[in-house]
Amino acid sequence: MFSDIASAIIIGLVLGSMYALAAVGLTLVWGVLKILNFAHGGFITLGAYFVWVGITFLGGNYVISFLLVMGLTFLLGFVLNAGVIRPLQGRPESETNIFIATLATSIIIENLIIVGFGGRYKSIPEMASGSLTLGSISINFQQMIIMAVAPVFLVGLMYYLKKMKSGMAVRAVAQDADGAAIVGIDSERVYSYTIAIGALMAGVAGVLLGVIFYLSPGMGGDPLVRALFIMVLGGMGSVKGTIYGAYIIGIIDALARYFIGMFWASPILFVMFILLLLLRPQGLFGVKV
Amino acid sequence: MSEKKISRRKYLAIAGGAVAVAAVGGAAYYLGMGGPGAGKRPVKIGIAAGLTGRRSGVGVDSRDAVLLAIKEINEAGGILGHPVEPVVEDTVDQEAGMITSVFLKLIEREGVDGIIAHWGNNSCAEFDIVQEKKIPYISAGAANQVEAVITPNPDAYSYIYMAVPSYKLYGTIFPEYISILEKEGKYKPINHKIAMISRAFEYSIFITEGLTKTFTDMGWEISIKEHLPSAKVEDWSSVLSKIRSDPPALIISTMTDPASDHLLLKQFLEDPTPSLLYEQASPNDPEFREMAGNDADGIVHVYGIQKIPTDHPYRVKYQENFGRDPSPYGIISYDQMMMMKIAMENAGDPFNREAVAKALLNIDYKGVMGRFVIDPKTHLPKGGGEFMPFPVYQMWNQENMMLYPFEVAEQEFKYPHWYQKALTK
Amino acid sequence: MKSNKFLLEILAIVLVLSVIPALVRQQYILHVIMLAMIFGIVASNWNLAIGYGGMFHLAQVPFFAAGGYSTAILSVHMGLSPLIGILVGGVAAVILSLIIGIPALRVRGIYLVFLTFAFHFIMLSLVLYFVDITGGDMGLILEPIRIGATNIDMFNPVVTYYTALSLFVLSLVFIKTIIDSKIGLALVSLRDSEVYAVSRGINPYKIKLVTFVLSSFLAGVCGAFYVHYLRVVTPALFDWSFLITFLASIVIGGVGTLYGPLLGAFILTFLMESLRFLEMFRNIVFGLLMILILIFMPKGLIMLANRAQSIFSSRQNSAGIVDEEN
């Protein structure tokens, strides 16, 4: 019983790391642009496939492949903004329309992957094989890498938002777009940067997901659904809240899998999601809306 | 690398050819002309495959297998001198309305003479259409549902045939083999407990039910039961911790998904128990073999297909054409097309649909998968014995070796590579 | 005067749609039109909430599926007549809409999207789990609807076609009635200026709930009709493809218009069928098209029709009524 709880918490941290990366970009985009980017799941998938391409065709170099993913998803984030989001921003019904347009984008991405890579599973070779066993708890090196890599990116993002000039501009726009405009911040520029950074974080999440699991064209769907829950739990738009939220959900998810069974883990999370939306829509860390 | 390029080119040529044929055919249809080519009237074969849905891997492999068969048939002079013309339609996720659209279009607009599908709708939504319009139809999945629909009145489904045998044998062959091994002292299980892992997928549910029933009748106990909503599993720790705290003699997974089955194996091996691991169907997927490598040594499973080793001529041919190893549906669908061809030849006239349907009922074809003889009660190919074989396989060195039936066995049962280590611990 | 115009429009639609079975012999075409009609009904009822009510939610697919599964389960396990099942489907959707709507409509904006999204997944899990009741992944095989001795199914495409057409007309009248009623006027004023509407004594929660519930009824009826027509019910009723089809119909046709979603459903269904030759590229083209329409034709294709012919000027029509009230 005790060891079950302990290993559930460790697995919860692994899942939480993945969820945090998957959710943080979504939250950032919501915080700044007040839009729900449904193409986010597609970008998670893209990240995984890009790293696969990198490793397959560049002779197995993880570092270069990782950089390739970051570069490509970042650039495609700009494309997403210029081609889909910006033209719809600021129009009436933009919230609904951007939801639909980004949903359409995710359909395009999924089907491009089916056409380009086929629907059969692909896999990324292991970064490190082997595992660590402590009593009845076992954790493999891949999972440890995820637990270590995720915080690096999350802290990096926090640092960027807090300390760097363009990051501070992002926060300024998120808090008060008009005020930011008065002090001379080009909000259009900030918007496109934000979406690109969100896309990059999705790509990184995709890499980590691809490392422990196989690649398939629809792989971004499930993490996206989890990310929505986490985003609300953390308080819509709060990056810090989202990170906490992700680890909380990760641990609850793992505990549910251990003690209730894998079938009901998801429905239980959805019931909690509904209760959260009804009872505390501002989330754990958000301000009341 | 260069080989890959060539095969890709070939693939493009086939795909391009198919599109061109479809385009020309479509244009000709709208312009009210006859079929393309001034020669003999072509035999049109509809291929209904989920090219873009959740199972696009299966759909594309299946389509390619049919196209490969058609290419071969045409190179050998067609069916009774008639060239074969494929008409490919995307069924996406096999949703009932979509399947209905596709089948009606194939039949009425394209005027196909026969239809092949990796599988249609899980609830057989397309059956009434093909029967009503009298189109010979060979499907290959959702066999238990098909069996349930056809058995009460086989004559009412005289145009509908299957290329995969009943799932019933999956429920009995493996328990039968285990009990023989135990009796002969070749396998000494640590107890009579089973961890049963299944998911909400008709194939998985049905095989799990069958195995559960036979094993419990034999006095075994299902000590751990885990049912999953889908094949997407990022982590198996919760199930494995149950297995480790009360090790069962058998771990049976009917996930039928190479990704989640491989992850299960990988995480199981982090701290294995003295258990046999049975993973349904996945060991037949090229991806599973590639990823698991020798980790999979000792995995057992039963599969209703005869052994098709990696250097089997069909596999080689498929690889040459498409640059990848076929998954099971990349094999099954080739046999489906060949069944259709033989039935059309046996009928003496590919356009006499009633005769073709009758010929399908009476077919006796030795294909890549095995021998196809249709059971008139279910319209499924007969399984077991001299018909479609149901061997017990054990994977060694990335190859599925036959263990049972003993007449065809390639080797004896051996404990899996993790077993001794786990036992001594 | 205005209701006369609506009557003429309905007559024109009925006339055009009812001669089709006499002109085309292919069941395929009839089937595709039927799908377009069914999808059009579901979409235009959803549009009542999205376009007129300003409530963007994702519960329409659960309503549709609830309709399908309720009649399926009752007819398979309790021998309910499918003809009554159609009504039961509508009632089931209404009950579900109350369960979702009473708590959910207190939250607004994106939260409503999330809430309905969560309901979708919970329902799917329940359907997949209770195999004995729902058939799980295998689904259930159903009896067709029977009116007298006639089966409304695949084997009687023409009769089935006219049944779908009657539903189609019923839905049009239903929606038109709601739009022109006090509820519709209140909705439009709420959408345009909530502060003003509230000051005029409109209770936004009540009005929204009523609209939400009303918009679910025909979705459930359509779900029930759909499963009995195809004679199977499977968890595919929860597929995202349905959500995308309904949503795309609204967007392509025109949000917040009477005829828009219907036109959208017809265009979409026929377009997707005629693009079949693209095989694997079809969905990519579909996605691009959606984005282009959202960007360049945000009011939908109905605006083109409006410009071309004043017969289809339903949007101006309803706006006109509001002006008179003011």
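Remember, it's a predicted structure, so these values are computed and weren't measured experimentally.

Novice: Looking at this structure, how should I read the overall build of chain C?
Specialist: Looking only at helices and strands, one finds 15 helices and four strands in chain C. In terms of principal-axis extent, the alpha carbons of chain C reach across some 55 × 45 × 45 Å. Within chain C, the proportion of its 326 residues that are buried is 62%. Counting only carbon and sulfur atoms, one obtains 70% of the accessible surface of chain C, whose full area is about 12400 Å².

Novice: Please explain the overall build of chain A as it appears in this structure.
Specialist: When its secondary structure is counted, chain A shows 11 helices and two strands. For chain A, whose C-alpha radius of gyration is 19 Å, the value lies close to the compact-globule estimate of 19 Å for 289 residues. Summarising its shape, the C-alpha atoms of chain A cover approximately 60 × 50 × 35 Å along the three principal directions. With 289 residues in all, chain A has 58% of them scored as buried. Intrachain contacts of chain A at a sequence separation of at least 6 include 75% that bridge at least 24 residues. Accessible surface for chain A amounts to roughly 10600 Å². Of this, 69% is attributable to carbon and sulfur atoms. The averaged location of the 11 negative side-chain charges in chain A is 6 Å from the averaged location of its 15 positive side-chain charges.

Novice: Help me out: how do you make sense of the pairing of strand β1 (residues 43-49) of chain B in this one?
Specialist: Working note: regular strand, side chains alternate between the two faces of the sheet. Residue and element names in this part refer to chain B. Among the seven residues of β1, seven are classified as buried, and the element is accordingly described as predominantly covered. The side-chain alternation of β1 yields two buried faces, one formed by Val43, Ile45, Ile47 and Ala49 and the other by Lys44, Gly46 and Ala48. Direction of pairing for β1 relative to strand β2 (residues 84-90): parallel, over a ladder of seven bridges. Along β2, the bridge assignment pairs Ile45 with Pro86. You can see the chain leave β1, run along helix α2 (residues 56-75) and come back into β2, and the turn it takes is right-handed. Pairing analysis gives four bridges linking β1 to strand β3 (residues 114-117), with the strands arranged parallel. Note on β3: the bridge partner recorded for Ile45 is Gly114.

Novice: Explain unusual backbone geometry to me, please; I cannot follow it from the model alone.
Specialist: Note: most residues except glycine have negative phi, and most peptide bonds are trans. Residue and element names in this part refer to chain B. The step from Tyr404 to Pro405 runs through a cis peptide bond, and the omega angle for that step is 0°. Look at Val92: it is not a glycine, yet its phi comes out positive at around 50°. In this structure, Val92 sits in the loop between β2 and α3 (96-109). With a phi close to 55°, Thr256 is a non-glycine residue in the positive phi region. One can find Thr256 in the loop between β8 (250-253) and α9 (258-269). Judged by relative accessible area, which is 18%, Thr256 ranks as buried.

Novice: Can you walk me through the interface of chain A and chain C in this structure?
Specialist: How big an interface is tends to be expressed through the accessible area that disappears when the partners come together. If you look at the interface, chain A gives 40 residues, while chain C gives 38 residues. Joining chain A to chain C, the criterion identifies zero salt bridges. The interface formed by chain A and chain C includes four residue pairs in polar contact (both at pLDDT 80 or more). Broken down by secondary-structure element, the contributors of at least two residues to the side of chain A that touches chain C are α3 (62-85), α4 (94-117), α9 (221-233) and α11 (262-279) of chain A. With 15 residues, α4 of chain A is the single largest residue contributor to the side of chain A that touches chain C.

Novice: Help me out: how do you make sense of a nonpolar patch on the surface in this one?
Specialist: All names here are of chain A. A cluster of nonpolar residues, Met1, Ile5, Ile9, Leu13, Phe259 and Ile260, forms a patch on the protein surface that exposes about 540 Å² of accessible area. The element contributing the most residues to the nonpolar patch is helix α1 (residues 2-33), with three residues. Relative to the assigned elements, Leu13 resides in helix α1. Take Leu13: its relative accessible area is 32%, and that puts it in the partly exposed class.

Novice: Would you explain the packing of aromatic side chains in this entry?
Specialist: Remark: the centre distance and the inter-plane angle together describe each pair of aromatic rings, the angle taken between the planes. According to the stated counting rule, one finds 60 aromatic pairs over all chains in the structure shown. Aromatic pair Phe413 of chain B and Tyr415 of chain B: ring centres 5.4 Å apart, planes at 70°, arrangement edge-to-face. By relative accessible area, Phe413 of chain B is classed as buried at 10%. Classification of Tyr415 of chain B by relative accessible area gives partly exposed; the value is 26%. Cluster of aromatic residues (ring-pair linked, three or more members): Phe38, Phe99 and Phe270 of chain A together with Phe56, Phe117, Phe121 and Trp240 of chain C. Residue placement shows Lys414 of chain B over the ring face of Trp396 of chain B; its charged tip is 4.6 Å from the ring centre. Positioned above the aromatic ring of Tyr205 of chain C, the side-chain terminus of Arg106 of chain C is 4.0 Å from the ring centre.

Novice: Mind showing me how you'd approach the interface of chain B and chain A here?
Specialist: Chain B puts 42 residues into the contact, and the matching count from chain A is 30 residues. Roughly 3000 Å² is buried in total at the junction of chain B and chain A, and carbon and sulfur atoms are behind 52% of that figure. For chain B, the biggest contributors to the area lost against chain A are Glu234, Glu270 and Glu287 of chain B; these three give 21% of the whole. Taken together, the links from chain B to chain A amount to five salt bridges. Among the salt bridges present, the one from Asp61 of chain B reaches Arg120 of chain A, with a minimum N-O distance of 2.6 Å. Scanning the region where chain B abuts chain A turns up 12 residue pairs in polar contact (both at pLDDT 80 or more). It is α9 of chain B that contributes the most residues to the side of chain B that touches chain A, seven residues altogether.

Novice: Quick question: what am I supposed to make of the sheet that holds β3 of chain B here?
Specialist: Strand pairing in a sheet takes place through backbone hydrogen bonds and is either antiparallel or parallel in direction. Residues and elements named next belong to chain B. Taken in spatial order, the five strands of this open sheet run β2-β1-β3-β4-β5, and their pairing is parallel. Edge positions in the sheet fall to β2 and β5 (160-162), since each of these pairs with one other strand and no more. Each strand axis lies, on average, 20° off the axis of its neighbour in the sheet, ignoring direction.

Novice: How should I be thinking about the packing of α2 of chain B against helix α12 (residues 328-347) of chain B in this particular structure?
Specialist: Each pair of packed helices can be summarised by the angle the axes make with each other and by the distance between the axes. Residue and element names in this part refer to chain B. Relative orientation of the contacting elements α2 and α12 amounts to 40°, with a least axis distance of 7 Å. As the angle between them shows, α2 and α12 are arranged oblique. Of the two elements, α2 crosses α12, and the hand of that crossing is right-handed. Across the interface between the two elements, Val58, Asp61, Ser62, Ala65, Val66, Ala69, Ile70, Glu72 and Ile73 from α2 touch Tyr329, Gly330, Ser333, Tyr334, Met337, Met338 and Lys341 from α12.

Novice: Even after reading the chapter, I still don't get the confidence of the model for chain C, so can you show me in this structure?
Specialist: If pLDDT is low for a region, its predicted coordinates should not be looked at in detail. With 94% of its residues at a pLDDT of 70 or more, chain C has an overall mean of 90. This model gives residues 311-326 of chain C a pLDDT under 50, and the stretch forms 23 contacts once residues within four places in sequence are excluded.

Novice: Mind showing me how you'd approach the nonpolar core here?
Specialist: A general feature of soluble globular proteins is that nonpolar side chains tend to end up buried together. Ranked by internal contacts, the top residues of the largest apolar core, which has 331 residues, are Phe99 of chain A, Phe174 of chain B together with Leu17, Met37 and Phe114 of chain C. If you tally residues by element for this core, the top one is helix α2 (residues 27-52) of chain C, at 19 residues. Two domains share this core, each providing at least three of its residues, namely domain 1 (2-165 + 309-373) and domain 2 (168-303 + 391-424) of chain B. Filtering out sequence-adjacent residues up to four positions away, Phe114 of chain C remains in contact with Leu36, Leu228, Met231, Val232, Met236, Phe273 and Leu277 of chain A. Counting residues in each nonpolar core, the second largest holds 28 residues, with Ala195, Trp236, Ile243 and Leu277 of chain B among its members.

Novice: Sorry, what's going on with helix α12 (residues 260-274) of chain C here?
Specialist: Its 15 residues place the ends of α12 of chain C 21 Å apart at the C-alpha level, agreeing with the 21 Å of an ideal helix rising 1.5 Å per residue. What α12 of chain C keeps buried is the set Gly260, Pro261, Leu262, Gly264, Ala265, Phe266, Leu268, Thr269, Met272 and Glu273 of chain C.

Novice: Can you walk me through the pattern of salt bridges in this structure?
Specialist: Pairs can form between side chains of opposite charge whenever their charged atoms are close. Enumeration according to the criterion identifies 41 salt bridges over all chains in this entry. Measuring nitrogen to oxygen at the nearest pair gives 3.4 Å for the salt bridge that ties Arg231 of chain C to Asp128 of chain B. Placement of Arg231 of chain C in the loop between α10 (204-230) and β4 (232-233) and of Asp128 of chain B in helix α4 (residues 127-133) is noted, with the two residues assigned to different chains. Taking the shortest distance from any N to any O, the salt bridge between Arg289 of chain B and Asp325 of chain B comes out at 2.8 Å. With a gap of 36 residues between them, Arg289 of chain B in helix α10 (residues 286-292) and Asp325 of chain B in the loop between α11 (313-322) and α12 connect regions that are remote in the sequence. It is possible to trace a salt-bridge network through shared partners that takes in Arg120 of chain A, Asp61, Arg63, Asp64, Glu287 and Arg324 of chain B together with Glu279 of chain C.

Each value, and the rule that gives it
- Residues numbered from 1 in each chain as written.
- Chains lettered and ligands numbered in written order.
- Predicted model: local features only at pLDDT ≥ 70, side-chain atom pairs only at ≥ 80, totals over all residues.
- Heavy atoms only, no water.
- Helix = DSSP H or I, 4+ residues; strand = E, 2+ residues; numbered from the N terminus.
- Buried < 20%, exposed > 50% of the residue type's maximum accessible area, 1.4 Å probe, protein only.
- Areas by Shrake-Rupley, 256 points an atom, 1.4 Å probe, with all protein chains shown as cover.
- Rg over C-alpha atoms; globule rule 2.2 N^0.38 Å.
- Contact = heavy atoms within 4.5 Å.
- Lys, Arg positive; Asp, Glu negative; His and termini not counted.
- Charge placed at Lys NZ, Arg CZ, Asp CG, Glu CD.
- Pairing = 2+ DSSP bridges.
- Right-handed = clockwise from strand over helix to strand, strands pointing away.
- Salt bridge = Lys/Arg side-chain N within 4 Å of Asp/Glu carboxyl O.
- Polar contact = N/O pair within 3.5 Å; in protein donor to acceptor, adjacent residues only side chain to side chain.
- Patch = residues over 30% accessible without salt bridge, like charges linked within 9 Å, V, L, I, M, F, W, Y side chains within 5 Å.
- Phe/Tyr/Trp six-rings, centres within 6.5 Å; stacked < 30°, edge-to-face > 60°.
- Lys NZ or Arg CZ within 6 Å of the ring centre and 35° of its normal.
- Buried area = accessible area lost by both parts, 1.4 Å probe.
- Axes fitted to C-alpha atoms, helices over the stretch in contact; angles between N-to-C directions.
- Parallel < 35°, antiparallel > 145°, perpendicular 65-115°, else oblique.
- Left-handed = near helix turned anticlockwise from the far one by under 90°.
- pLDDT = per-residue confidence, 0-100.
- Core = buried A, V, L, I, M, F, W, Y, C linked by side-chain atoms within 4.5 Å.
- Domains from an automatic or database assignment.
- Expected span 1.5 Å × (residues − 1).

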